[in-house]
Amino acid sequence: MRKIIIQEFISLDGVIQAPGGPEEDTAGGFKYGGWVAHYGDQVGDKIMEKLMQPADLLLGRKTFEIWEDYWPKHESQWPGINDVTKYVLSTTRKNSDWKHSIFLENLADIEKLKAANGSDLKVWGSGRLVQLLLTHDLVDELWLMIHPLTLGEGKKLFDDGPIPAAFTLAESTVTVRGVIFAHYQRAGEVRTGSIGA
């Protein structure tokens with residue numbers, strides 16, 4: 001069985017929209033595109049190298065459409081990105097000129113993919129897809145890159161009601177510029193109790 005690993009740039013108030021640039025996703029009039037740009041440093045760069053190691057990708061259509069125009073021309077920034085398989089959840093797209101792109105139609109296709117043999121599946125961006133995966137308990141790990149700012153608007157990671165679920169912190173690093181890289185692994189059900197009891 002393959003793991004599904006969510007990797008998200010996120011603000012303190014949960015926004016994941018358009019971290020990479022002003023034109024990345026302006027839906028809803030979002031005006032803070034590129035909000036991660038001023039937080040890079042050597043510590044963060046080292047962790048990003050680890051997160052960008054070649055692995056199959058599971059993407060939503062919108063993220064895929066941003067990437068299919070960019071990464072084929074910029075592979076030097078992400079070695080191997082064009083060679084891994086890109087699985088894309090879409091009800092409107094069936095093919096792409098970007099090599100190794102496979103389109104999935106529904107949740108059942110994702111469940112079948114997860115149950116198959118192969119590398120882990122990394123999800124970048126793809127907010128609606130991530131919410132679908134969280135709702136159906138298909139997320140094995142979260143890599144959250146928590147940036148020290150609030151945006152007050154924009155698409156949020158947990159907007160659509162994930163199921164109650166517990167996670168364990170597997171590793172964490174705080175960069176010089178205050179970005180928290182937190183790696184969580186799924187850890188069963190939510191447990192409750194009384195403080196001090």
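Nothing here was measured: the structure is a model prediction, and the numbers come from that model. (Residues numbered from 1 in each chain as written. Predicted model: local features only at pLDDT ≥ 70, side-chain atom pairs only at ≥ 80, totals over all residues. Heavy atoms only, no water.)

Visitor: So what about the overall build of the protein? Which residues, and what values?
Guide: In terms of helices and strands, the protein carries four helices and eight strands. For the protein, the N- to C-terminal ordering of α and β elements is β-α-β-α-β-β-α-β-α-β-β-β. A compact globule built from 197 residues should have a C-alpha radius of gyration of about 16 Å, and the protein, at 17 Å, falls within 12% of that. Overall, the protein is about 60 × 40 × 35 Å in size when its C-alpha atoms are taken along their principal axes. Burial analysis of the protein (197 residues in total) assigns 44% to the buried set. For the protein, long-range pairs separated by at least 24 residues make up 69% of all intrachain contacts whose partners lie at least 6 apart in sequence. Accessible area for the protein stands at about 10,700 Å²; split by element, carbon and sulfur atoms hold 52% of it. The centroid of the 21 positive side-chain charges in the protein is displaced by 1 Å from the centroid of its 27 negative side-chain charges. (Helix = DSSP H or I, 4+ residues; strand = E, 2+ residues; numbered from the N terminus. Rg over C-alpha atoms; globule rule 2.2 N^0.38 Å. Buried < 20%, exposed > 50% of the residue type's maximum accessible area, 1.4 Å probe, protein only. Contact = heavy atoms within 4.5 Å. Areas by Shrake-Rupley, 256 points an atom, 1.4 Å probe, with all protein chains shown as cover. Lys, Arg positive; Asp, Glu negative; His and termini not counted. Charge placed at Lys NZ, Arg CZ, Asp CG, Glu CD.)

Visitor: Explain helix H1 (residues 42-51) to me, and be specific about the residues and the numbers.
Guide: Those residues of H1 lying buried are Gly44, Ile47, Met48 and Leu51. End-on view of H1: buried residues confined to an arc of 105 degrees, all on one side of the axis. When the buried face of H1 is taken as reference, the exposed residues oriented beyond 90 degrees from it are Gln42, Lys46 and Glu49. For H1, the side-chain oxygen to backbone nitrogen distance between the N-cap and Val43 is 3.1 Å, and the N-cap itself is Asp41. (Arc of directions from axis to C-beta. Polar contact = N/O pair within 3.5 Å; in protein donor to acceptor, adjacent residues only side chain to side chain.)

Visitor: Just give me the short version of the packing of aromatic side chains, but keep the residues and values in it.
Guide: In this structure the tally under the stated criterion is nine aromatic pairs. Measuring from centroid to centroid gives 6.1 Å for Phe9 and Trp124, while their planes differ by 40 degrees, and the two rings are tilted. In this pair, Phe9 is assigned in strand E1 (residues 4-11) and Trp124 in strand E5 (residues 121-124), connecting sequence segments 115 residues apart. Its relative accessible area of 5% is what places Trp124 among the buried residues. (Phe/Tyr/Trp six-rings, centres within 6.5 Å; stacked < 30°, edge-to-face > 60°.)

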